[in-house]
Amino acid sequence: MSKNITSPTHFDVSSGLKSVLGRELITDDEVAIFELVKNSFDAEATQVDIYFDEDRIVIADNGHGMSADDIKKKWLSVAYSSKRPQNDFRDDIAKRRKFAGSKGIGRISTDRLGELVTLQTRAKDDISGPVLSLQVDWSLFDIDHRKRFEKIPVTNLPDSKSFDVPTKLPRQRFGTVVTIENLLSSWERDDLLSLKSNLSKLINPFGSDADAFKIILHVPSEQEEDDDLVREYQEYEEDVELTEIVNGPVGNFIFETLEYKTTHIKVWIAPDGDDVKIFSELHDRGELIYKIKEPNPYNMLEGADFVAHIFFLNRSAKATFTRRMGVQPVNFGSVFLFRNGFRVFPVGERNDDWFGMDRRKGQGYARFLGTRELIGRIDVSGSDANFSEASSRNTGLIETEAVQELRTCYLEHCLKRLENYVVPVTFKDKEDKNVDDISRLKTDPGRERVTAVVSKLADSKNITLIDYSKELVRILDERSAKFEESLVGLRVIAEKTKDKALFENIEDAEKKFLELKRSEEKAQQQAKEESEARQAAELRADEAEKKVEDTQEQLKEEKKRNLFLTSNAAIDKDTVQNLHHQITIYAVDIQQRLENFIVKLSDETPVKRKEVLSALEGISLLNSRVLSIAKFATKANFRLDSEEIQDDLVGYIEQYLEAIAKDLLFGTIDIQIESDGVEFVQKFKPIDISIVVDNLIANSKKARATRIVFEFSKPEKNVLHLEVKDNGRALDKTVLEPQRIFEKGFTTTDGSGLGLYHIQHVLGEMNGTIEVEDVGDNKERRGMHFLIRISS
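Before going into details, it helps to say that this report is about the structure given with it. Note that this is a predicted model, so its numbers are computed, not measured.

### A closer look at empty space enclosed by the protein
In step 1: Taken as a whole and judged by the stated rule, the model has 2 cavities of 30 Å³ or more.
In step 2: Put simply, the largest cavity is a space of about 80 Å³.
In step 3: Taken together, L649, I653, I689, V692, V693, F712, L720, L722, L763, I788 and I790 form the lining of the largest cavity.
In step 4: Of all the secondary-structure elements, those providing two or more residues to the lining of the largest cavity are α18 (649-665), α19 (686-702), β21 (719-726) and β23 (784-791).
In step 5: Here the lining of the largest cavity gets 3 residues from one element, more than from any other, and that element is α19.
In step 6: Grouping the constituent residues of the lining of the largest cavity by class yields 11 nonpolar, no polar and no charged.
In step 7: Roughly 30 Å³ of volume is contained in the second largest cavity.
In step 8: When grouped by side-chain class, the residues that make up the lining of the second largest cavity number 4 nonpolar, 3 polar and 2 charged.

Below you can see the structure in the form of structure tokens.
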């Protein structure tokens, strides 16, 4: 017969709990140190020093420290947590990575690192008192798990007048020092560099001064290698990357990384001679787009050291931020405000709209940027009379004239300037958000959009254009649809900057364009005359006309189903006339260009290599078109009534490959098509698309490929991707920058170097790009892999 339980009952806590909450819960050495440093931040430390030697780790901070009562009731109380009342992005990182910081068991994480832990501490409000010390031997907890947790002794050490820390560490009057000995694992250089990278997440991306929190690593055994690395960089007159150095401050370089991933603008107010001006610099993925200055209308901001750094977060930048910081940008915050170097709360916090960006975005989603798309920092200095925080310290700044000017300056000169670039340049190209370089801006349509933005600024009454991107703001190809329009903007820029070289280039380009136009007009006129003469000589009979009318609908439907005739039957007279018409246009154009070039060579003035290459490239492209038409003439019944059509681009390429390329062009190479029913209706020039396909296949043939695959996909509604892969030779190892293969005249063979350039030019006119997606040169993976992106 069982007895009733009469006495009070409770859980018994075994000494084995130490292992459960220690090395079993904290499964990574880095996480354990991260926890201890996070505790230092929660103790409002401004600096944490971490010291490593052969069998010891020391973590020292200058936080508020602990009294004897704190040690007993807090530090020695399992699961007691004393955190800052103000939530911080570091807390979000801890939650995301499942750290123990919010559970009050961070100190037990030392069990993961070593067996012996010594605590030294002195409260900030009792600096005349002694340094209190105690020691925990975690190995005692493993002897007998039947013992109760609280029965395992913790050793109280004698009080001292000062902290016992390595000589490398700074002397401190208060704070906490945790020393871990009898380490359970060794720390190699790669481990220390990885730890430094992980700890960088605890440093504010705006700099350690943003919230006065620094972390410094001290590892004497790695100092010599650090010094050697510094000297090696100095020999090349370069600064060593801090991420490669073990010793020294831990830095968060996320914004330096973002500068090469997205668009950002820097705006500052500074003296300019006897005046004060607003200066602005806009960069896009590492490329300076423009630098300007203009009069400062904000009197209250003079002498306030106004500086703003604002980043637009495209898809690549958001992914990079999340990966590096361990927290999504939306949870980190948006545009933060700092007054006299101190953060103004809650400006920039999630769901805070102190600058009114989200209210404004609600009026035009596609035209304006909001807090979810921006991140940055605004600094201002001044007295309480101008910039004073509300008494609650969580409602931003009290409204004053200076604060109103601050908001207006941000809206007009930071936010709107960024929008005036991002909306017409980045948003215009749906694929641009998926790339983290400016490759899509290097097309003629991309350059035209950038030129339009810069020229509009330069043409403004009070704006002085100091500098601009020579890579993007330049003369387009004469064949570009936006050529004449871009010249207007370029002329404005040349006038405003007094750029003599740009003026001369514009004059030369206009002359070439007029020559090209005259050649085309002459070709069109000659073709028209021949057509009229032929029509006059070959008037259709009434009966033939009636027959055409009867079969017109049937013919229309048939041609819609198939752009090419796959039989070798004779093509009809209209098709022959259309093909002849196109050949005449291109042939006369070639003749005219050759005559112009011969005249130029006959002149005594030397002709530059660049001009020779440009002339031959133009003739080469026209000749490629003639050759393509010749191929059409044998099997094609394509509708060539006009040079440009609107049709299914995927269907066209598929049928061109099946009907012409496979049989007539490249013999035994195996051409495979993977489209999975993808359709993409778009305006395009059939002949030019044929040139793109021909050059891609010819490229593979030169690389001795036996198979080439054309794979179509639509990642978005108005975006087409075409991946072209072959099994030929990979790109030559000497080509360090793969995108250079698309430059005019660049070649690694005995070819002209024009084929891939022609592809890039044709795609650029269609708002498309081509890039080397993957280069392999090993037995497992050979060949080239191109990615073509086209957006409608």
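### Quick word on helix α5 (residues 189-199)
Each turn of an α-helix holds 3.6 residues, which means side chains three or four residues apart point in the same direction.
In step 1: Listed in full, the buried residues belonging to α5 are R189, L192, L193, L195, K196, N198 and L199.
In step 2: Contacts made by the buried residues of α5 are with α2 (29-42), β1 (47-53), β7 (214-218), α6 (223-235) and β8 (248-249).

### Notes on the packing of helix α11 (residues 401-426) against helix α12 (residues 444-458)
In step 1: With their axes 9 Å apart at the nearest point, α11 and α12 run at an angle of 150° to one another. Classified by the angle between their axes, α11 and α12 sit roughly antiparallel to one another. Crossing of α11 over α12 shows right-handed handedness. Contact residues: R417, N420, Y421, P424 and V425 in α11; R449, V450, V453 and L457 in α12.
In step 2: Across the contact of α11 with α12, the residue classes break down as 6 nonpolar, 1 polar and 2 charged.

### With respect to the pattern of salt bridges
In step 1: Within this structure, the stated rule accounts for 30 salt bridges.
In step 2: Across the salt bridge formed by D284 and R285, the nearest N and O atoms sit 2.7 Å from each other. The same class applies to D284 as to R285, namely buried.
In step 3: With a closest N to O distance of 2.5 Å, D379 and R377 form a salt bridge.
In step 4: Given the relative accessible area of 8%, R377 is considered buried.
In step 5: A cluster of three or more residues bridged by salt bridges with shared partners is formed by R189, E222, E225 and D226.

### Section: the pairing of strand β10 (residues 275-284)
In step 1: Within β10, 8 of the 10 residues are buried, which leaves the element mostly enclosed by the surrounding structure.
In step 2: Pairing analysis gives 10 bridges linking strand β9 (residues 263-272) to β10, with the strands arranged antiparallel. The residue of β10 that forms the bridge with I269 is I278.
In step 3: From the end of β9 to the start of β10, which pair antiparallel, there are 2 residues, and G273 there has a positive phi angle of about 70°.
In step 4: In the sheet, β10 pairs with strand β11 (residues 287-295) via 8 bridges, with the strands oriented antiparallel. Counted as the bridge partner of L282 is Y290 from β11.

### Things to note about the packing of α2 against α5
In step 1: Contact geometry for α2 and α5: axes closest at 10 Å, N-to-C directions at 45°. In terms of orientation, α2 lies oblique with respect to α5. In this structure, α2 meets α5 at a crossing whose hand is right-handed. Contacts between α2 and α5 involve E30, I33, F34 and V37 on the former and, on the latter, D191, S194, L195, N198 and L199.
In step 2: Of the residues assigned to the contact of α2 with α5, the class counts are 5 nonpolar, 2 polar and 2 charged.

### Some words on the nonpolar core
In step 1: With 62 residues, the main nonpolar core has F306, I310, L374, I378 and Y410 as its most contacted residues.
In step 2: Here this core gets 11 residues from one element, more than from any other, and that element is α11.
In step 3: Once you skip the residues sitting within four places of it in the chain, L374 turns out to touch I310, F311, F312, L313, G333, S334, V335, M357, L369, Y410, L415 and L418.
In step 4: Core analysis: the second largest hydrophobic core is formed by 41 residues, I50, I108, L217 and V250 among them.

### Section: the sheet that holds β8
In step 1: Taking strand neighbours across the sheet as the criterion, the 8 strands line up as β5-β4-β3-β6-β2-β1-β7-β8 in an open arrangement whose pairing is mixed. Only two strands of the sheet have a single neighbouring strand rather than two, namely β5 (155-160) and β8.
In step 2: Across 6 bridges, the pairing between strand β2 (residues 56-61) and strand β6 (residues 175-183) is antiparallel. Opposite V58, over in β6, you have T179 as the bridge partner.

Conventions and cut-offs
Residues numbered from 1 in each chain as written. Predicted model: local features only at pLDDT ≥ 70, side-chain atom pairs only at ≥ 80, totals over all residues. Heavy atoms only, no water. 1 Å grid on protein atoms, 1.4 Å probe; cavity = no way out; pocket = protein on both sides within 12 Å on 5 of 7 lines; lining within 4 Å. Points joined across faces, edges and corners; volume = space filled by probe spheres on them. Helix = DSSP H or I, 4+ residues; strand = E, 2+ residues; numbered from the N terminus. Nonpolar A, V, L, I, M, F, W, Y, C, P; charged D, E, K, R; others polar. Buried < 20%, exposed > 50% of the residue type's maximum accessible area, 1.4 Å probe, protein only. Contact = heavy atoms within 4.5 Å. Axes fitted to C-alpha atoms, helices over the stretch in contact; angles between N-to-C directions. Parallel < 35°, antiparallel > 145°, perpendicular 65-115°, else oblique. Left-handed = near helix turned anticlockwise from the far one by under 90°. Salt bridge = Lys/Arg side-chain N within 4 Å of Asp/Glu carboxyl O. Pairing = 2+ DSSP bridges. Core = buried A, V, L, I, M, F, W, Y, C linked by side-chain atoms within 4.5 Å.

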